[in-house]
Amino acid sequence: STSVDPTAMAKEIVDLCTAVKDAPRSDRVGQGTVRTHSFKELCEKAEDRYEDRSIDESLLLGLQALALAACLYRGPHRKMSRDRAIRVANAALEHYRHMGAEPGEALALCALARLQLLRDRPDMAIRLATEAVGKFQKMGDQKAEASALAIVVDAHMLKAALVVSGKTLRDSRYVKLTASERDAEIQRLRAKHCEDALLEVQRAQELFAMTKDKRGKADLMCTLVEVYLGMESLDDAKEAAMNARDAFHDLGDRRGEQTALLLELDAHIAERDGREAVDVGREIVKLFRKAKDRKGEIEGMLTLLKVHQMTGQTGEVVKLVSEIRSACREEREAKMEGQAVDALMQTHIQGGRIDEAISTAQEAMDLYRRANDKSGEAMALHACACLRLDRFFEQLEKDLQEFRSRGCLQQYYKQPDMASYEECRSMVEKAAQLFKAAGDKQGQAMAEETHRTTEQRAAMMNDPDVTKQVMKDGRIVDVIRTWNPKKQAQGGDENLALGDYAG
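Described in the following lines is the structure provided in the data block. (Residues numbered from 1 in each chain as written. Predicted model: local features only at pLDDT ≥ 70, side-chain atom pairs only at ≥ 80, totals over all residues. Heavy atoms only, no water.)

1. Overview of the nonpolar core
To keep things clear, this is the line we draw: Only buried Ala, Val, Leu, Ile, Met, Phe, Trp, Tyr and Cys residues count toward a nonpolar core, and they belong to the same one when joined by side-chain atoms within 4.5 Å. Only protein chains enter the accessibility calculation, which uses a 1.4 Å probe. A residue is then buried if its area is under 20% of the maximum for its type, exposed if over 50%, and partly exposed in between. Every helix listed is a DSSP run of H or I at least four residues long, and every strand listed is a run of E at least two residues long, numbered separately from the N terminus. Note on definitions: a residue-residue contact is assigned when non-hydrogen atoms from the two residues lie within 4.5 Å.
Counting 88 residues, the largest nonpolar core has Phe 39, Leu 63, Leu 66, Tyr 73, Leu 115 and Phe 136 as its most contacted members. The biggest single contributor to this core is helix H8 (residues 142-165), with 13 residues. Ignoring anything within four residues of it in the chain, the contact list for Leu 115 reads Ala 70, Tyr 73, Ala 85, Ile 86 and Ala 89. Counting 32 residues, the second largest nonpolar core, distinct from the first, contains Ile 358, Tyr 368, Tyr 421 and Ala 458.

Below is the structure:
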């Protein structure tokens, strides 16, 4: 258990936050621009106060930083850090309750609420954050009250996301619903949770306006876009996104502008407005190009690339991939180059250019390996294996059809390319191992399912689904139940994965 000694708690929180602050930028993407800006400032102040032995002040600043850093503890590979953060936040809460110090108690409640969101426990997060709201109200701290309300908003949005994922529709009352009834119930519950979030957003907006907290208000505007998207109020979502972008522009925050533009992009995509989506994608690229932020520009080009893919603009995809690869090589960004090549592979698949797709998948694998991106490498490896397996089974079925059409005579049988098949199976197995090492459970499940379905396809090919009757004097004297006479001649080979069982 974590010590309730304030010095030990302050040290542990500073260590946790410093690890986040010093992480590579790629690990910090998605944290939320305003939170990132505020987090760094709070973390550095907490470090300074700890060094000055101002322990109480360091602990309070550290708790605020921990709440903002919490979203980075998502995923199984972060479980150890997440558990440490929860332990020390609980210890801080116990310490401040024992001391009767409500400001510290409220900050500890906010940190715990954020951490509970990572554990997919929105109801507990709402309970903790609502308790913090009450304490901040009592103290007259409107800015902190608004920040606590923002946690409640995020919790309601998490509830909506969990409904859509199906995780909250597993108890007995939903089992008897038809597919259409289940979809209707999902939409009803999603709308309800978004409406609950909207009420809290409006309260928090008023508080941020009263305290003239421009950063907090801008961040909340982005959350408001997500609420409107969940409610399918697309015009409201676009307007809120544009307001958020203006607010971040006034703050001189390019990353904030990017976040707002990405949300506006989501609204145009939901509206199936490809032209506007492409325009927004280009705006993101221009935003960073103007600021001479080369890495930000590449991120923008990758976003635009996805939009071109969605709108089926193959020529634009090929052209932009070439630009991105050139920029990535200049910046030595192997991972982002891998993402561009990956997108090109998907475009080849959509166009039915399988040879090109296999070639680009292999190239993406190499790039992700160089970048030490296990999840990316696994995805490319899995895609390559699937493309090759599809080709293998198509050729096998074609050969079998010809064999059957010629009366299942031995001289017309073509031996399948078992070396290629076994290589593909090994690739799928390796992809599953890489997904597991990366903590990507969804990817691991996908690769394991591919392995199962491949085995099933092979077994179906093995079934003797063609019979040949040998007649003499109007009577059946023999029945051949195999499409591989070589197996009978050789006495069988149990090691062949596609070994063909004779009747």
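2. As for the environment of Phe 248
Its location among the elements puts Phe 248 in helix H12 (residues 234-250). Separated by 31 residues in sequence, Phe 248 and Lys 217 have C-alpha atoms that sit 9.8 Å apart.

3. Comments concerning the packing of aromatic side chains
Here a ring pair, both rings aromatic, is described through the centre-centre distance and the interplanar angle of the planes. Our working rule: To pair, rings of Phe, Tyr and Trp, with the six-membered ring standing in for Trp, must have centres within 6.5 Å; the planes then decide the type, stacked if under 30 degrees apart, edge-to-face if over 60, and tilted in the middle.
All chains considered together, the criterion is met by three aromatic pairs. Between Phe 392 and Tyr 421, the aromatic rings sit 5.3 Å apart at their centres with planes inclined by 35°, giving tilted as the arrangement. Placement of the pair is Phe 392 in helix H19 (residues 374-405) and Tyr 421 in helix H20 (residues 418-437), with a sequence separation of 29 residues. Here the aromatic rings of Phe 393 and Tyr 421 are separated by 6.2 Å at their centres, their planes lie at 85°, and the arrangement is edge-to-face. Taken as a pair, Phe 393 in helix H19 and Tyr 421 in helix H20 lie far apart in primary sequence, 28 residues in all.

4. Some words on the packing of helix H17 (residues 334-350) against helix H18 (residues 354-370)
Packed helix pairs are characterised by how far apart their axes lie and by the angle those axes make with each other. Cut-off, in case you're wondering: Angles here are taken between N-to-C directions and fall from 0 to 180 degrees, while the axes themselves are lines fitted to C-alpha atoms, restricted in helices to the stretch in contact. When an angle is under 35 degrees it counts as roughly parallel; over 145 it counts as roughly antiparallel; between 65 and 115 it counts as roughly perpendicular; any other value is oblique. A clockwise turn of the near helix away from the far one marks a right-handed crossing, whereas an anticlockwise turn of less than a right angle marks a left-handed crossing. Under the convention adopted here, Pro, Cys and the residues Ala, Val, Leu, Ile, Met, Phe, Trp and Tyr are nonpolar, Asp, Glu, Lys and Arg are charged, and Gly plus all remaining residues are polar.
Contact pair H17 / H18: the axes reach a minimum separation of 8 Å and the direction vectors enclose 165°. What the angle tells us is that H17 and H18 run roughly antiparallel. The way H17 lies across H18 gives a crossing that is left-handed. Residue-level contacts link Ala 334, Lys 335, Glu 337, Gly 338, Gln 339, Val 341, Asp 342, Leu 344, Met 345, His 348 and Ile 349 of H17 to Glu 356, Ala 357, Thr 360, Ala 361, Glu 363, Ala 364, Leu 367, Tyr 368 and Arg 370 of H18. In the contact of H17 with H18, the residues fall into ten nonpolar, four polar and six charged.

5. Things to note about unusual backbone geometry
Even without being glycine, Lys 292 reaches a positive phi, approximately 60°. Within the secondary structure, Lys 292 sits in the loop between helix H14 (274-290) and helix H15 (294-310). Judged by its relative accessible area of 75%, Lys 292 is exposed. Of note in this structure, Asn 372 is not a glycine but carries a positive phi near 60°. Assignment of secondary structure puts Asn 372 in the loop between H18 and H19.

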